[in-house]
Each structure stands twice: as C-alpha cells, then as structure tokens.
Amino acid sequence: THVITSLCLRDGGCATVCPVECIVPGNPVDKYPWYYIDPDTCIDCGACVPECPWAAIFPEDEVPSAYKAKGGEYLSQPVGT
Ligand code: SF4
C-alpha cells in the first residue's frame with residue numbers, strides 16, 4: 001500500500017486520480033486527521049504520489065523514518081516531537 005503522512009495539508013488531488021477510489025478525506029477530529037489510504041484497496045499504482053503538492057505520499061516501505069510514529073501509525077506527527 002501507499003500511505004499518506006502528516007505532511008498532508010488536505011489538497012485532495014490524490015483522491016481525484018486514484019483509480020480505485022481508496023483515498024478518503026479522513027476527519028480532522030478522529031485518528032486520521034489527514035487524507036487516508038485504505039490499505040486493503042490500494043493497488044500501489046503510484047498515481048497519487050505526483051499529485052501531492054507537499055510530497056506527503058509514499059510507498060509504505062519508503063516512508064521516511066521521521067514519519068513512522070509509534071504503533072505503525074503513519075498519519076501522525078513525526079516521532080520524537
Ligand atoms: Fe490509489 Fe494508486 Fe495511490 Fe494506491 S497508489 S492510493 S491505488 S492512486
């Protein structure tokens with residue numbers, strides 16, 4: 001799967017290009033405050049990556065360590081801050 005990190009500022013362009021419509025806006029008050037990719041539906045096509053103005057989206061195995069938060073939660077602040 002691809003994942004969206006906390007660099008996301010909710011542009012939403014990614015959601016419009018995803019061929020399987022697995023990117024959802026999330027909810028600012030719940031556990032996914034930014035856009036969120038459903039890992040069970042993502043086909044790893046990569047189409048969303050260049051659409052993000054902030055380069056917030058990564059293949060799961062290429063997420064910068066600073067964005068790998070406790071418990072494997074990518075949609076969170078960088079570890080140690
Ligand atoms: Fe959708 Fe492709 Fe991005 Fe996965 S990698 S979220 S399938 S656009």
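Not measured: the values here are computed from a predicted model. Residue positions within a chain follow its written sequence, with the count starting from 1. Local features in this predicted model are restricted to residues whose pLDDT is 70 or higher, and side-chain atom pairs enter the listing and the counts only when it is 80 or higher, whereas totals over whole chains, interfaces and linings include all residues. Think of the side-chain values as coming from all heavy atoms in the structure, minus any hydrogens and water.

Draft legend 1. Local environment of the site of the ligand. Residues in close proximity to the ligand total 14 residues, the closest being Cys18, Cys42, Cys45, Gly46 and Cys48. Its residues placed into classes, the shell around the ligand shows eleven nonpolar, two polar and one charged. We call a residue near a molecule or strand whenever a single non-hydrogen atom of that residue lies within 4 Å of it. Lys, Arg, Asp and Glu make up the charged group, whereas Ala, Val, Leu, Ile, Met, Phe, Trp, Tyr, Cys and Pro make up the nonpolar group; the residues left over, Gly among them, are polar.

Draft legend 2. Molecular detail of the nonpolar core. The definition of a nonpolar core used throughout is a set of buried Ala, Val, Leu, Ile, Met, Phe, Trp, Tyr and Cys residues joined through side-chain atoms within 4.5 Å. Only protein chains enter the calculation, and the probe is 1.4 Å; a residue is then buried if its accessible area is under 20% of its type maximum, exposed if over 50%, and partly exposed in between. One finds Ile4, Cys8, Cys14, Ile23, Tyr35, Ile37 and Ile57 to be the most contacted residues of the largest nonpolar core, which totals 14 residues. Contact between two residues is taken to exist if any of their heavy atoms lie within 4.5 Å; hydrogens are not considered. Those residues in contact with cysteine 8 that sit more than four places away from it in its chain are Trp34, Tyr35 and Ala56.

Draft legend 3. Spotlight on unusual backbone geometry. Unusually for a residue other than glycine, glutamate 21 sits at a positive phi of about 50°. Counting from the N terminus, the helices are DSSP H or I runs at least four residues long and the strands are E runs at least two residues long. Residue placement: glutamate 21 occurs in the loop between α1 (13-17) and β2 (23-24).

Draft legend 4. Up close: the side chain of histidine 2. Residue position: histidine 2 is located in strand β1 (residues 2-4). Taking the relative accessible area as the measure of exposure, histidine 2 reaches 7% and is therefore buried. Looking at histidine 2, its side chain comes within polar contact range of the side chain of aspartate 44, at 2.7 Å. Apart from residues no more than four positions distant in its own chain, histidine 2 is found in contact with Ile37, Cys42, Asp44, Gly46, Cys48, Val49, Ile57, Phe58, Pro59 and Glu60. The term polar contact refers here to a pair of N or O atoms within 3.5 Å; inside protein, the definition further demands a hydrogen-donor-capable atom paired with an acceptor-capable atom, and it admits residues adjacent in sequence only when both atoms are side-chain atoms.

Draft legend 5. Molecular detail of a negative patch on the surface. Excluding any residue in a salt bridge, patches collect residues exceeding 30% relative accessible area, merging like charges within 9 Å and nonpolar Val, Leu, Ile, Met, Phe, Trp and Tyr side chains within 5 Å. Accessible surface is estimated by sampling points in the Shrake-Rupley manner with a 1.4 Å probe; for residues, cover comes only from the protein chains shown. Between Lys or Arg on one side and Asp or Glu on the other, a salt bridge is scored when a side-chain nitrogen of the former is within 4 Å of a carboxyl oxygen of the latter. As used throughout, the charge tally considers Lys and Arg to be positive and Asp and Glu to be negative, leaving His and the chain termini uncounted. Charged groups are reduced to one reference atom each: NZ for lysine, CZ for arginine, CG for aspartic acid, CD for glutamic acid. Together, Asp44, Glu60, Asp61 and Glu62 line one region of the surface with negative charge. Residue placement: aspartate 61 occurs in the segment after β4 (57-59). By relative accessible area, which is 66% here, aspartate 61 ends up exposed.

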